[in-house]
Amino acid sequence: MTNGIYILANDVVIDHLVALLNSLEVNGAKNIPVCIIPYDNRLKKVQLEIATRPHVTLFENSDSIIFWEDFATQVWKTHAKAQKVWQSKGLKPVQCLEMHRKLCCFDGPFDKFIYFDADTLLMGSLDYIYQKLDDFDWVANDFQYKSDLNYIFDLSSPKLPQVLNIDELPSHTFCAGWFASKSGVFNRNNCSQFIDKLTSGEAEIMSLRGADQSLFNYLVARSGISFYNFAYHQPAQVTGNHWSSQFEVRDYVLYDKGRRLTYLHYMSISAAKFSRLCAGEDVEIPYRDVFLHYRYLNSPQTRPKLTPPNLLVRLQRNLKSWVIQKVNNVQFKLRNFWDR
């Protein structure tokens, strides 16, 4: 029985990836093999990093990547509302298709695995997660269930209560940026059954706010596989993991009311900010020194000295933000007009 870790990454998030790999080595996962699933073909920096780490490999099963991208495409093309909204925005038929590649975890070399988004840092041991997989097919440890469920499912859909038990949704809701499962839990056979259900109209219950997250939650809830969320079942014993929380820092490890975190997730903070930080710009990012510690753990001499951006750069960014906001406002009004 092989335990492992999967990470979805490319060169755009190389700073995240290096920091995460270093945190894995020093915070309890040194001997756990890691497999990098390619987000796309921008992998030169990723491959150079893999070459320095004998326990890290690149996922190279192109048939698996093609299958799961095709599966996600079929799913979302049956979602009439998604197609209408994305087309009105000039987006592709499937929003964030590459994020769905994390489904390749189920075809990989590990019997039991934990999936990490690249914008994550390991803070503590993963043993209790792997142990829980002895009893459950899917394990999570996050407080996504306390957020608006409209981020996961379309609660306005009349079909939702016909497909899923709404009262049970909170106990089966999770963040798709960090979870644990087993090889083959989802496969070509049972996914063909999901396609049949989704094309019959069930696709409409999925939210558009996070395409891959909505699909993952649908698959877990609709399949009826055994599910356990530590944060839901043991809220008083577990820690938070989101960067917006107030944690105590001790020797570059985070603690929540005296309890050591398992992981810290920088979700929703753009990779561009971290790239600018690692290029030497004084960017405000929560737990910045913690991130920089792990990013440059093996090369502290290359850690940049931070300086603020010049006035011209700040003006350009403010102008860009203003233009983007105006465009978004116009698009919002147009969508409301066409919806009416």
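Check the entry above for the structure.
Okay, so let's go over this structure. (Residues numbered from 1 in each chain as written. Predicted model: local features only at pLDDT ≥ 70, side-chain atom pairs only at ≥ 80, totals over all residues. Heavy atoms only, no water.)

**Notes on the overall build of the chain**
And then number 1: Of the regular secondary structure elements, the chain holds 12 helices and 12 strands.
And then number 2: Rg of the C-alpha trace for the chain: 21 Å, near the compact-globule value of 20 Å for 340 residues, within the 12% margin.
And then number 3: In the chain, which comprises 340 residues, the proportion classed as buried is 49%.
And then number 4: The contacts in the chain between residues at least 6 apart in sequence include a share of 75% that link residues at least 24 apart.
And then number 5: Counting every atom, the chain has about 16600 Å² of accessible surface; 51% of that belongs to carbon and sulfur.
And then number 6: Looking at the chain, you have 38 positive and 35 negative side-chain charges, and the mean spots of the two groups are 7 Å apart. (Helix = DSSP H or I, 4+ residues; strand = E, 2+ residues; numbered from the N terminus. Rg over C-alpha atoms; globule rule 2.2 N^0.38 Å. Buried < 20%, exposed > 50% of the residue type's maximum accessible area, 1.4 Å probe, protein only. Contact = heavy atoms within 4.5 Å. Areas by Shrake-Rupley, 256 points an atom, 1.4 Å probe, with all protein chains shown as cover. Lys, Arg positive; Asp, Glu negative; His and termini not counted. Charge placed at Lys NZ, Arg CZ, Asp CG, Glu CD.)

**Observations concerning the nonpolar core**
And then number 1: With 52 residues, the main nonpolar core has Phe71, Trp76, Trp138 and Phe186 as its most contacted residues.
And then number 2: Among all residues touching Phe186, those that are not within four sequence positions of it are Trp68, Phe106, Trp138, Cys191, Phe194, Leu219, Val220, Ser223 and Ile225.
And then number 3: In terms of nonpolar packing, the next biggest core, distinct from the first, is built from 37 residues, Leu17, Ala29, Ile50 and Val139 among them. (Core = buried A, V, L, I, M, F, W, Y, C linked by side-chain atoms within 4.5 Å.)

**Some points on the pattern of salt bridges**
And then number 1: Counted according to the given criterion, the structure contains 16 salt bridges.
And then number 2: The closest approach of N and O atoms between Asp154 and Lys81, which form a salt bridge, is 3.6 Å. On the criterion of sequence distance, the pair formed by Asp154 in the loop between β6 (138-140) and α6 (160-163) and Lys81 in helix α4 (residues 80-88) is long-range, its members being 73 residues apart.
And then number 3: For Asp154, a relative accessible area of 13% puts it in the buried group. (Salt bridge = Lys/Arg side-chain N within 4 Å of Asp/Glu carboxyl O.)

**Comments concerning the packing of aromatic side chains**
And then number 1: The full count for this structure, using the stated rule, is 30 aromatic pairs.
And then number 2: With 4.3 Å between their ring centres and 10° between their planes, Trp178 and Tyr263 make a pair best called stacked. Here Tyr263 lies in strand β12 (residues 263-265) and Trp178 lies in strand β7 (residues 178-182), a separation of 85 residues in the sequence.
And then number 3: The exposure class of Trp178 is buried, given its relative accessible area of 0%. (Phe/Tyr/Trp six-rings, centres within 6.5 Å; stacked < 30°, edge-to-face > 60°.)

**Remarks on the environment of Arg303**
And then number 1: Tracing the sequence through the fold places Arg303 in the loop between α11 (288-295) and α12 (311-339).
And then number 2: Sequence spacing of Arg303 and Ser171 is 132 residues, and the spatial spacing of their C-alpha atoms is 42 Å.
And then number 3: Contacts of Arg303, omitting those with residues within four sequence positions, involve Asp289, Leu292, His293 and Tyr296.

**Quick look at the sheet that holds strand β11 (residues 259-260)**
And then number 1: Judged by pairing direction, the sheet is antiparallel, and its 3 strands sit side by side in the order β9-β10-β11 without closing on themselves. In this open sheet, the two edge strands, each paired with only one partner strand, are β9 (248-250) and β11. (Pairing = 2+ DSSP bridges.)

**What about the pairing of β7?**
And then number 1: Most of β7 is tucked away: 4 of the 5 residues are buried.
And then number 2: Bridging between strand β4 (residues 112-117) and β7 involves 5 bridges; their strand directions are antiparallel. In the sheet register, Lys112 faces β7, and the bridge partner there is Lys182.

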